[in-house]
Amino acid sequence: MTLKQIADESDLNKSTALRMTTTLLNEKFLSYNEETRKYQLGYCALALGISKLASIDLIEVSRPILEELANRSNMFIHLAILEDEKVVVISKIFPKARMQNTTQLMSQIGGILPMHCTGIGLLFLSQHDDKYCREFLSRQPLDSYTTTQTEIPQIMERIQNIRDLQYVINNGEHDEGIVSACVPIYDYTNGMVAGISLGAVREAFERAAETHVLQMVQEAAAEISRLLGSGRRRF
């Protein structure tokens, strides 16, 4: 914007607008292009905007979307983040309608999930290169819970596949008889900041059809990601 435009938009006289813009220039909230004689936001103003985006509460933003998804699908949802190389459950949502056999779920809000055999954990690993993944897996206890893959070559093969698909179908590898579709959530940096799993007992999941379940959870993740400032076009 030119100085005149700033004065007009702010309803200030030109001399007052000049004093304000000079102060903002000195503090790096504005920058000035000598050729066009126009002002634009400086890096301090941009940093404030990014800080605001970063402070948005993920749970608050996602809850209405995930509640609607749980009720529409009649499935349960986990929302989890990565903290100190651990997957931490921060929200667990059930549909209003009664569900079968959900008491067998091992996860709790605030609980830690293993990386190597949960969909969200594998999604987080897939964001890293092979070297990091192998080193990470080599220093973890790769416990078996059900039909869990515990050999690093097998897990690495799966991670490579996840990078292409950008989703995971977890087929009871952590909770016996529970199948879930898991997808990433991205923020304004376009990096993965959380994961969603939408799941049910195997019979209910199969009745709903995998492609339909996957589409529902991908649409929810895309909406949350957009609210967090992500510009990604593929989810």
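Okay, so let's go over this structure. Being a predicted model, the structure only gives us computed values, none of them experimental.

Re the overall build of the chain
In step 1: Each helix and strand counted, the chain has 9 helices and 8 strands in total.
In step 2: Taken across its 235 residues, the chain has 44% of its residues classed as buried.
In step 3: For the chain, restricting intrachain contacts to residue pairs at least 6 apart in sequence, the fraction spanning at least 24 positions comes to 55%.
In step 4: Summed over its atoms, the accessible surface of the chain is roughly 13,100 Å², and 49% of this surface lies on carbon and sulfur atoms.

Observations regarding the side chain of R158
In step 1: Along the chain, the position of R158 falls in helix 7 (residues 152-165).
In step 2: If near-sequence neighbours (up to four positions away) are discounted, R158 is found in contact with L122, Q149, V168, I169, N170 and E173.

Considerations on the packing of helix 6 (residues 130-138) against helix 7
In step 1: Contact geometry of helix 6 with helix 7 gives a least axis separation of 11 Å together with a crossing angle of 140°. Here helix 7 runs oblique to helix 6, going by the angle between their axes. Relative to helix 7, helix 6 is oriented so that their crossing is right-handed. Only I152, I155, M156, I159, Q160 and R163 of helix 7 make contact with helix 6, whose side of the interface consists of D130, C133, R134, L137 and S138.
In step 2: Classifying every residue of the contact of helix 6 with helix 7 gives 6 nonpolar, 2 polar and 3 charged.

Some points on unusual backbone geometry
In step 1: Within the chain, N74 stands out as a residue other than glycine whose phi angle is a positive 55°.
In step 2: Structurally, N74 is set in the loop between helix 4 (58-73) and strand 3 (76-83).
In step 3: Not every positive phi belongs to a glycine, and N190 is a case in point at roughly 65°.
In step 4: By secondary structure assignment, the location of N190 is in the loop between strand 7 (178-186) and strand 8 (192-201).

Section: the pairing of strand 6 (residues 168-171)
Consecutive side chains along a regular strand alternate between the two faces of the sheet.
In step 1: One ladder, built from 4 bridges, connects strand 6 with strand 7; its direction is antiparallel. Pairing of I169 across the sheet is with A181, part of strand 7.
In step 2: What sits between the antiparallel neighbours strand 6 and strand 7 is a turn of 6 residues, in which G172 has the positive phi angle 70°.

Re the nonpolar core
In step 1: Among the nonpolar cores identified, the biggest contains 31 residues, and L66, L69, I77, I185, I196, V217 and I224 are the most heavily contacted of them.
In step 2: If you list the elements that add at least two residues to this core, you get helix 4, strand 3, strand 4 (86-93), strand 7, strand 8 and helix 9 (210-227).
In step 3: With 7 residues, the single largest contributor to this core is helix 9.
In step 4: What L66 contacts, discounting residues up to four positions off in sequence, is I77, L79, I93, I196 and I224.

Considerations on the packing of aromatic side chains
In step 1: A full pass over the atoms with the stated rule returns 3 aromatic pairs.
In step 2: Judged by centre distance (4.7 Å) and plane angle (45°), the ring pair of Y32 and Y39 falls under tilted.
In step 3: By relative accessible area, which is 11% here, Y39 ends up buried.
In step 4: A ring pair is formed by Y132 and F136, whose centres lie 6.1 Å apart and whose planes are at 15°; its orientation type is stacked. One end of the pair is Y132 and the other is F136, both in helix 6 and 4 residues apart, which spans about a single turn.

Notes on the sheet that holds strand 6
In step 1: Ordered in space as 5-4-3-8-7-6, the 6 strands form an open sheet in which the pairing is antiparallel. Each edge of the sheet is formed by a strand with only one pairing partner; in this case those strands are strand 5 (112-113) and strand 6.
In step 2: Taken strand by strand, helix 5 (residues 119-126) contacts strand 3, strand 4, strand 6, strand 7 and strand 8, and its axis lies near 150° from that of strand 8.
In step 3: Where helix 9 meets the sheet, its contacts fall on strand 6, strand 7 and strand 8, and the angle it forms with strand 7 comes to roughly 25°.

Comments concerning the environment of T36
In step 1: Positionally, T36 belongs in the loop between strand 1 (30-33) and strand 2 (38-41).
In step 2: Residue classification places T36 among the partly exposed residues on the basis of a relative accessible area of 44%.
In step 3: Measuring from C-alpha to C-alpha, the distance between T36 and M1 comes to 9.3 Å, with 35 residues separating the pair along the chain.

Notes on the pattern of salt bridges
In step 1: Counted by the stated rule, this structure contains 6 salt bridges.
In step 2: Residue E68 pairs with R72 through a salt bridge whose shortest N-O separation is 3.0 Å. Pair noted here: E68 and R72 are both in helix 4, with a separation of 4 residues, about one helical turn.
In step 3: Accessibility expressed as a relative area gives 44% for R72, which makes it partly exposed.
In step 4: One salt bridge in this structure joins R139 and E85, with 3.0 Å as the shortest N-O distance.

Scoring rules and cut-offs
- Residues numbered from 1 in each chain as written.
- Predicted model: local features only at pLDDT ≥ 70, side-chain atom pairs only at ≥ 80, totals over all residues.
- Heavy atoms only, no water.
- Helix = DSSP H or I, 4+ residues; strand = E, 2+ residues; numbered from the N terminus.
- Buried < 20%, exposed > 50% of the residue type's maximum accessible area, 1.4 Å probe, protein only.
- Contact = heavy atoms within 4.5 Å.
- Areas by Shrake-Rupley, 256 points an atom, 1.4 Å probe, with all protein chains shown as cover.
- Axes fitted to C-alpha atoms, helices over the stretch in contact; angles between N-to-C directions.
- Parallel < 35°, antiparallel > 145°, perpendicular 65-115°, else oblique.
- Left-handed = near helix turned anticlockwise from the far one by under 90°.
- Nonpolar A, V, L, I, M, F, W, Y, C, P; charged D, E, K, R; others polar.
- Pairing = 2+ DSSP bridges.
- Core = buried A, V, L, I, M, F, W, Y, C linked by side-chain atoms within 4.5 Å.
- Phe/Tyr/Trp six-rings, centres within 6.5 Å; stacked < 30°, edge-to-face > 60°.
- Salt bridge = Lys/Arg side-chain N within 4 Å of Asp/Glu carboxyl O.

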